[in-house]
Amino acid sequence: NILARIFLDHNFNNFQMMAINDQLSTIGAIESDGRNIVNEDGTKGGVFQISNEELPLLLKKYGDFAKDANPNWQEPEWYTAAKAHNSPSKLDLDHQRALALVKLISNPESAHLLPKAANGDVDAWTDLYMNYYNPSDAERPELEKRARNYFTQVSKGNYLYELPELATWNKEWWLTDA
């Protein structure tokens, strides 16, 4: 699980993990309004608008993360199928989300932004999104304004959770171990 990898690699607390998880949903909202769609020219798909061209690399990176966590890891069916169909929109939301997170954290140049982003820094999220997730030049000023607005709305920090595990469904929690 990619969230667990981030949790361990960065020693984030549950509220920081919740912020990352929440803002990943924000990226889905910016990209597709949370809809599992294919773009007009058929080059990107899914909630997170992952390009067909980058899907093989993201799958490889996901596999590398999985093998690091478990040397006996075997390709699951969804992974093998994704390599064959090469269409992000055909993946279920959890797998799209995992690959979007891989895309967000894979560039070593963006590593310094993740701790800031985990603490709700809107500038860090905007930088991560604009320069590492969606580095397109198209509609840059409008897209950056929209992204900043979305990230600002989610980064208010007024969460009513007493147990952040309820928001993140942390893998190492009693409900998910049942």
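Look up: the structure comes first, before these words.
Residues numbered from 1 in each chain as written. Predicted model: local features only at pLDDT ≥ 70, side-chain atom pairs only at ≥ 80, totals over all residues. Heavy atoms only, no water.

*Asks:* When you look at helix α7 (residues 122–133) in this model, what are you seeing that I'm missing?
*Replies:* The α-helix winds at 3.6 residues per turn, so residues separated by three or four positions along the chain end up facing the same way. Along α7, 9 of the 12 residues are buried, which leaves the element largely enclosed by surrounding structure. The complete set of buried residues in α7 reads V122, A124, W125, T126, L128, Y129, M130, Y132 and Y133. One side-chain oxygen of the residue at the start of α7 lies 2.8 Å from the amide nitrogen of D123, identifying that residue as D121. (Buried < 20%, exposed > 50% of the residue type's maximum accessible area, 1.4 Å probe, protein only. Helix = DSSP H or I, 4+ residues; strand = E, 2+ residues; numbered from the N terminus. Polar contact = N/O pair within 3.5 Å; in protein donor to acceptor, adjacent residues only side chain to side chain.)

*Asks:* I'm lost on the nonpolar core in this one. Help?
*Replies:* Inside soluble globular proteins, nonpolar side chains tend to come together where they are buried. Ranked by internal contacts, the top residues of the largest apolar core, which has 43 residues, are I20, I27, Y62 and Y129. At 8 residues, the largest contribution of residues to this core is made by α7. Those residues in contact with Y62 that lie beyond four places of it in its chain are I2, W73, W78, Y79, A98, L99 and V102. (Core = buried A, V, L, I, M, F, W, Y, C linked by side-chain atoms within 4.5 Å. Contact = heavy atoms within 4.5 Å.)

*Asks:* Looking at this structure, I do not really get unusual backbone geometry. What am I missing?
*Replies:* Glycine aside, the phi torsion of most residues is negative, and most peptide linkages are trans. In the Ramachandran plot, D33 falls in the positive-phi region, its phi being about 55° despite a non-glycine side chain. Within the secondary structure layout, D33 lies in the loop between α2 (14–32) and β1 (37–38). For D33, a relative accessible area of 48% puts it in the partly exposed group.

Treat this as a map of the structure, not an account of what it does.
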